[in-house]
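Coordinates in review
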Amino acid sequence: MNDDELLASRYAEIAASGDHTSTASDVQLRELEIEYARGFIREGDRVLDVGCGMGYAAIEYARIPGTRVTGLDYISGMVDQANSTLVDVPEELGRRLEFIHGSVLEIPFRDASLDVVTSHRCLMALLTWERQREALREIHRVLRPGGVLVLLEGTVEGLDRLNALRTAMGLSAIPADGRDRLLTRKFREEELLDFTDSLFALTERRGFGTYYFVGRVVHPLLVAPDPPRYDHPINEIARALEQHLPNLVDCGHLQAFVLTKGVE
Ligand SMILES: C[S@@+](CC[C@H](N)C(=O)[O-])C[C@H]1O[C@@H](n2cnc3c(N)ncnc32)[C@H](O)[C@@H]1O
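Attention in this report is confined to the structure presented alongside it. Keep in mind it's a predicted model, so treat the numbers as computed, not measured.

1. Some thoughts on the sheet that holds strand β2 (residues 68–73)
Strands pair in a sheet through their backbones, by hydrogen bonds, and they do so in one of two ways: parallel or antiparallel. Here 7 strands make up an open sheet; going across it, the order is β3-β2-β1-β4-β5-β7-β6 and the pairing mixed. Edge positions in the sheet fall to β3 (97–101) and β6 (200–207), since each of these pairs with one other strand and no more. Averaged over all neighbouring strand pairs, the angle between strand axes comes to 15 degrees, with direction disregarded. Sheet analysis places strand β5 (residues 143–154) next to strand β7 (residues 254–261), joined by 7 bridges and oriented antiparallel. The partner of G154 across the bridge, within β7, is L254.

Dropping the structure here:
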């Protein structure tokens, strides 16, 4: 099995578990991601969430009045799970929300047909820079001029900045390749922005450093020798602190890049 097949089979297993937290084990961080991305979605917008997993974020975006939201995932089990959650959402919201099977490399939408595209750690799963660029071009194609891509993905430099703090405090560095859980290819910030420069304007860039500092530095120090846990209450405090004091220390792999398609 090559890495792509291995990753797809891991995602299929995760989908079969039906546990939406298994596509984002750091659930507090995902809440921060969603809250951040919501700030770029306006009432009535046509929204696509690529790599939607079991649909958690897409449902939140559909709560914004009048939006029409599609979640897209290349694992059919993810789409099935996402569709199964539709029975629990209010009917009016469900009518504006759909989940479809397909790849971010071939998005089944017409050119310039969307207002907002969100990616919560999907492009990292493409494993090569070449395919990540292909996905960025494809997202650019489906966005209308002035439309916005909210990219929430890991970067090498963000992790390095976090690891510098961790090692200074005697903690081990978090491995870069994500192999302990899922294969991923983190972006290189300069490479990413050099490339997107030809397609998009960088509207905003944001780290979640307050959350990472408390969650990945203070938390493990506090609970040692026990291992840190994603469901530890200190992560809730870390999230609340992030909301009040955003990115106080610029560190942490997950970074947000808000990219606006140029108006020709
Ligand atoms: C880390 S998970 C995140 C899932 C979800 N966004 C969340 O936050 O819970 C990445 C998701 O991207 C999907 N994915 C990976 N490659 C994809 C591709 N080429 N096209 C569409 N989805 C893809 C995976 O199946 C998985 O559901």
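Moving on from the model shown.
2. Regarding the site of the ligand
Taken together, the neighbourhood of the ligand is formed by 23 residues, with T23, G51, G53, H120 and A125 sitting nearest. For the shell around the ligand, a count of residues per class yields 15 nonpolar, 5 polar and 3 charged.

3. Topic: the packing of helix α7 (residues 156–168) against helix α9 (residues 209–223)
Put simply, α7 and α9 touch, their axes get as near as 10 Å, and they point 40 degrees apart. It follows that α7 is oblique to α9 by the angle criterion. Here α7 and α9 pass one another in a crossing that is right-handed. Of α9, the residues touching α7 (which contributes L162, L165 and R166) are Y212, F213, R216 and V217.

4. As for α7
An ideal rise of 1.5 Å per residue puts 18 Å on 13 residues; α7 measures up with 18 Å between its terminal C-alpha atoms. Buried-residue contacts for α7 involve β5, β6, α9 and β7. Looking at the residues trailing α7, positive phi occurs at G170, about 85 degrees.

5. As for the packing of α9 against helix α10 (residues 233–244)
It is at 8 Å that the axes of α9 and α10 come closest, and there the two elements cross at 150 degrees. Considering their axes alone, α9 and α10 lie roughly antiparallel with respect to each other. Along this stretch, α9 crosses α10, giving a crossing that reads as right-handed. On α10, the residues touching T210, Y211, V214, G215, H219 and L222 of α9 are I234, N235, I237, A238, R239, L241 and E242. Taken together, the residues that form the contact of α9 with α10 break down as 7 nonpolar, 4 polar and 2 charged.

Basis of the calculations
Residues numbered from 1 in each chain as written. Predicted model: local features only at pLDDT ≥ 70, side-chain atom pairs only at ≥ 80, totals over all residues. Pairing = 2+ DSSP bridges. Helix = DSSP H or I, 4+ residues; strand = E, 2+ residues; numbered from the N terminus. Axes fitted to C-alpha atoms, helices over the stretch in contact; angles between N-to-C directions. Near = placed C-beta within 6 Å. Nonpolar A, V, L, I, M, F, W, Y, C, P; charged D, E, K, R; others polar. Parallel < 35°, antiparallel > 145°, perpendicular 65-115°, else oblique. Left-handed = near helix turned anticlockwise from the far one by under 90°. Contact = placed C-beta atoms within 7 Å. Expected span 1.5 Å × (residues − 1).

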